[in-house]
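# An overview of the molecular structure
Given next are the chains, with one letter for each unit.
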Amino acid sequence: MPRPVDPLRNPYAPGAGTPPPALRGRDGELEAFRILLERLRQGRSEKSLLVSGLRGVGKTVLLNAFASIARSENFITAASEITHETNFRALMARRTQRALGEISPARRILKETRKALGVLQSFSMKLPDGPEFRLNIEAASGYGDSGILHEDLIDLFQALGEAVAKRKRGVVFLFDEMQLMNKDDLEALIAALHKASQHSLPITCIGAGLPQLPARAMEAKSYAERLFDFPKIGILPSDAAREALCLPAREKGADFENAAVENILSFTEGYPYFLQLYGRYVWDKAAGPTITLADTKAVSQSVQDQLDDSFFSVRMERCTKTELAYLQAMGTLGKGPHQSGVIASALGRDTSSDLGAIRAKLIEKGLIYSAAWGQNDFTVPHFADFLRRNYPRGE
């Protein structure tokens, strides 16, 4: 008979977007999404959602939970991860084709769907390398073919929305790493969502990204704040963190000493990824069925080393020496956010103006973000501690 904490039965799931065995602390966001879907179903307009937070707080997990809920409610989901190389027109062409394919049995294409396919054909024809695909549908001349992305995407959303509404369906576009979307693409998406909302079409966008995402959306379109809600997710509340750690163990016939739980919560501070990683390590080490304080202490250094070697260090691989110096200066200042002028002083500079290019590069690489005007903070929790341990000033 396997022991209760046999590594083969380890329930913890530290990974990029890997669903945790117990999703806790996100009830408010999940309920808001359910309300959004129901309002769309009833033909009412509702704000889309842009979820932001630091690395490791579960944004991708939440995005996947939204997608699962949407599919269970008979909505069509179109999920994508944005990168610096994303061709947004091509991406939207592919996702729209998939959505229309889901509502269009080959033997019976309604006129609204045929119109949408025609607009899609026109939209795809404007790709730099030619059509993304060829449809046996004549292109809809004058719709989606201007070559101006925000105008063409409005046409595409209008046609798609009418087609799915006829089938009493809806479409949820989900974008991860949305802070990487360039301004023109983001502007086009917001403009298309705006028109869809004005016509009460059942199309919505759920985005997830780093803390700079809300500001980027409002820079792209000033009315973005009226089109989106901006939930910010972070550490789990104490009760939710306890449940995320303890419930998976109990379902496998094991449990934690109270002191063991307190030790793990003190180390992880309620960050979801850290909780899953610590749970994974201590499960494999403990004899069980009760995981003790001694068990948690025995693996604490291994957990720290794993975080340093993977979660933290991979962020440093593309840093130049000047960018590293900027990060080191922030690290010596401790927990942020920090004013740009204070960072400049830590670097021995009189002003922060000549550091603007370095700061911009670090924001582009997703290592820091502007917490407010002239303020800077790390996008990764505990990153200042990592820098002080591994990249002390002067080395």
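Above: the structure in question.
What counts and how
Residues numbered from 1 in each chain as written. Predicted model: local features only at pLDDT ≥ 70, side-chain atom pairs only at ≥ 80, totals over all residues. Heavy atoms only, no water. Helix = DSSP H or I, 4+ residues; strand = E, 2+ residues; numbered from the N terminus. Buried < 20%, exposed > 50% of the residue type's maximum accessible area, 1.4 Å probe, protein only. Contact = heavy atoms within 4.5 Å. Areas by Shrake-Rupley, 256 points an atom, 1.4 Å probe, with all protein chains shown as cover. Arc of directions from axis to C-beta. Phe/Tyr/Trp six-rings, centres within 6.5 Å; stacked < 30°, edge-to-face > 60°. Lys NZ or Arg CZ within 6 Å of the ring centre and 35° of its normal. Pairing = 2+ DSSP bridges. Axes fitted to C-alpha atoms, helices over the stretch in contact; angles between N-to-C directions. Polar contact = N/O pair within 3.5 Å; in protein donor to acceptor, adjacent residues only side chain to side chain. Salt bridge = Lys/Arg side-chain N within 4 Å of Asp/Glu carboxyl O.

Before going further, it helps to spend a moment on the overall build of the protein chain. In terms of helices and strands, the protein chain carries 16 helices and 10 strands. Looking at the protein chain as a whole, 49% of its 395 residues are labelled buried. Long-range contacts, defined as pairs at least 24 residues apart, comprise 74% of the intrachain contacts of the protein chain with a sequence gap of at least 6. For the protein chain, the exposed area adds up to about 18400 Å²; of that, 47% sits on carbon and sulfur atoms.

This part is about helix α16 (residues 383–390). Restricting attention to buried positions, one finds in α16 the residues F383, A384, F386 and L387. Down the axis of α16, the sector holding all buried residues measures 160°, keeping them to one side. In this structure, the buried residues of α16 make contact with α12 (293–312), α13 (321–332) and β10 (375–378).

The next point concerns the packing of aromatic side chains. How two aromatic rings sit relative to each other is given by the distance of their centres and the angle of their planes. Applying the stated criterion to the full structure yields 18 aromatic pairs. The interplanar angle of 80° and the centroid separation of 5.2 Å between the aromatic rings of F267 and Y278 together place this pair among those described as edge-to-face. Here Y278 lies in helix α11 (residues 272–285) and F267 lies in helix α10 (residues 258–268), a separation of 11 residues in the sequence. For Y278, a relative accessible area of 1% corresponds to the buried category. The structure contains a cluster of three or more aromatic residues connected by ring pairs, namely Y271, Y273, F274, F311, F312, F378, F383, F386 and Y391. One cation-aromatic arrangement involves R89 over F123; the distance from NZ or CZ to the ring centre is 4.5 Å. Taking the ring centre of Y143 as reference, the NZ or CZ of K115 above it sits at 5.8 Å.

It is worth spelling out the environment of A32 at this point. Topologically, A32 is positioned in helix α1 (residues 27–41). Owing to a relative accessible area of 36%, A32 belongs among the partly exposed residues under this scheme.

Take the sheet that holds strand β2 (residues 76–81) next. The strand order β2-β3-β4-β1-β5 describes an open sheet built from five strands, whose pairing is parallel. Only two strands of the sheet have a single partner each, and these edge strands are β2 and β5 (228–229). This element, helix α7 (residues 213–220), spans β1 (48–52) and β4 (203–209) of the sheet and lies at about 135° to β1.

So, about unusual backbone geometry. In the segment running from G288 into P289, the intervening peptide bond is cis, with an omega of 0°. Relative to the elements of secondary structure, P289 occurs in the loop between α11 and β7 (290–291). Residues G336 and P337 are joined by a peptide bond in cis, for which omega reads 5°. Mapped onto the elements of the fold, P337 is located in the loop between α13 and β8 (338–339). Phi is positive for N74, close to 70°, though the residue is something other than glycine. Considering the arrangement of structural elements, one finds N74 in the loop between α2 (59–72) and β2.

Given 3.6 residues per turn, any residue in an α-helix points the same way as the ones three and four places further on. The complete set of buried residues in α7 reads L213, P214, A217 and A220. Buried positions in α7, seen along its axis, are confined to an arc of 125° and lie on one side of it. Contacts from the buried residues of α7 go to β1, α6 (183–198), β4 and α8 (224–227).

Within the secondary structure, R315 sits in the loop between α12 and α13. Through-space distance from the C-alpha of R315 to that of K365 is 8.5 Å; in sequence the pair is 50 residues apart. Every residue in contact with R315, bar those within four places of it in the chain, is listed here: R55, L367, V380 and F383. In terms of polar contacts, R315 uses its side chain to reach the backbone carbonyl oxygen of F311, at 3.0 Å.

Inspection of the secondary structure puts P237 in the loop between β5 and α9 (238–251). Along the chain, P237 and G270 lie 33 residues apart, while their C-alpha atoms are 6.9 Å from each other.

The antiparallel open sheet is built from three strands, whose spatial order is β8-β10-β9. The strands lining the two open edges of the sheet, one partner per strand, are β8 and β9 (368–372). Alignment of β9 against β10, held across three bridges, turns out to be antiparallel. What sits directly across from I368, in β10, is F378.

Moving on, we get to the pattern of salt bridges. Scanning all chains against the criterion turns up 16 salt bridges. With its nearest N and O atoms 3.8 Å apart, the salt bridge here joins K361 to E364. With K361 and E364 both in helix α15 (residues 356–364) and three residues apart, the pair spans about one turn of that helix. Under the relative-accessibility criterion, K361 is labelled partly exposed at 40%.

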